[in-house]
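Here is how the chains run, residue by residue.
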Amino acid sequence: HNFLGGFLMAIAMKGKRVYVIDYWGTSNGTQAFEAEAEIVDVDEKRDTFSAVLYGDTYQTYSFKDFDRLVFDTKERAAAAASRLPKPQTTMYQVIGGGNICKRIVNGIKGEYTDGGYDLVVCFDGGDAVSIKEIGRSLFFSEAEAISK
């Protein structure tokens, strides 16, 4: 385990409250925001924990997503959510061969990959892309995309 994983293991206990980034529909499309969650189960072998949001929605998160999707304070979760793309904004995606595609964001959605919950950016046409790709193959400006 890395330090952060070990740290999260220590704080990830049943009944503990954490803050997560989730998504919700707006009149403009779905976008990210922070939500309070209560840890209901910890799976140390898989490095995951299950949490309940809104009293009735269960999600499984990876310990690796601490400081990406899972936070210790509402403020940190809100700040991270505010940095994610909003509906109708433009992003630039670097695809095969270094080509850059200009994409219009439809919204943010959730999906399970590698046994844990993740958020994906949905575009007008084309596949949804994990928010993990922001700064890797997905950028807010064309200049950033070109420099990568």
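The structure reproduced in this document is the subject of the present report. Nothing here was measured: the structure is a model prediction, and the numbers come from that model. (Residues numbered from 1 in each chain as written. Predicted model: local features only at pLDDT ≥ 70, side-chain atom pairs only at ≥ 80, totals over all residues. Heavy atoms only, no water.)

This paragraph deals with the packing of aromatic side chains. Applying the stated criterion across every chain, the model contains 6 aromatic pairs. Ring centres of W24 and F33 lie 6.2 Å apart, and the angle between their planes is 85°; on these two criteria the pair is classed as edge-to-face. Taken together through their ring pairs, the aromatic side chains of F49, Y61, F63, Y112 and Y117 make up a single cluster. (Phe/Tyr/Trp six-rings, centres within 6.5 Å; stacked < 30°, edge-to-face > 60°.)

If you look at the biggest cluster of nonpolar residues, it comprises 31 residues, and the most contacted ones within it are V20, I21, F49, Y61, V70, L119 and V121. Breaking this core down by element, the ones donating at least two residues are β1 (17-26), β2 (29-43), β3 (48-53), β5 (70-71), α2 (74-82), β7 (99-113) and β8 (116-123). If we ignore the near neighbours within four places in the chain, the residues touching V70 are V18, Y19, V20, F49, Y61 and D65. (Core = buried A, V, L, I, M, F, W, Y, C linked by side-chain atoms within 4.5 Å. Buried < 20%, exposed > 50% of the residue type's maximum accessible area, 1.4 Å probe, protein only. Helix = DSSP H or I, 4+ residues; strand = E, 2+ residues; numbered from the N terminus. Contact = heavy atoms within 4.5 Å.)

For the coordinates displayed, the defined rule picks out 8 salt bridges. Salt-bridge contacts for D43 lead to R46; the nearest nitrogen and oxygen are separated by 3.9 Å. Classification of D43 by relative accessible area gives partly exposed; the value is 25%. Its relative accessible area of 65% is what places R46 among the exposed residues. Put simply, R17, E36 and E38 are held in one network by salt bridges that share partners. (Salt bridge = Lys/Arg side-chain N within 4 Å of Asp/Glu carboxyl O.)

Once that is clear, we can look at the sheet that holds strand β9 (residues 129-130). Ordered by their spatial adjacency, 5 strands build an open sheet running β9-β8-β7-β6-β10, and the pairing between neighbours is antiparallel. Of all strands in the sheet, those bounded by a partner on one side alone are β9 and β10 (138-139). With 8 bridges connecting them, β7 and β8 associate as antiparallel partners. When the sheet's bridge partners are listed, G107 is paired in β8 with C122. (Pairing = 2+ DSSP bridges.)

This next bit is on the pairing of β8. For β8, the tally of buried residues reaches 8 of 8 residues, placing the bulk of the element in the interior. Between β7 and β8, which follow one another and run antiparallel, lie 2 residues, and D114 among them has a positive phi close to 55°. Pairing of β8 with β9 involves 2 bridges; the strand directions are antiparallel. What sits directly across from V120, in β9, is S130. In sequence, β8 turns back onto β9 through a hairpin of 5 residues, with G125 there showing a positive phi of about 75°.

For the rest of this paragraph, the subject is the pairing of β2. For β1 and β2, the ladder comprises 10 bridges, and the chain directions are antiparallel. Among the inter-strand pairings, T26 is bridged to a residue of β2, identified as G29. Connecting the antiparallel pair β1 and β2 is a turn made up of 2 residues. Bridge count between β2 and β3: 6 bridges; the pairing is antiparallel. Looking across to β3, one finds that D41 is bridged to S50. What sits between β2 and β3 in their antiparallel hairpin is a turn of 4 residues, with D47 showing a positive phi close to 60°.

Read these as geometric descriptors, not functional statements.
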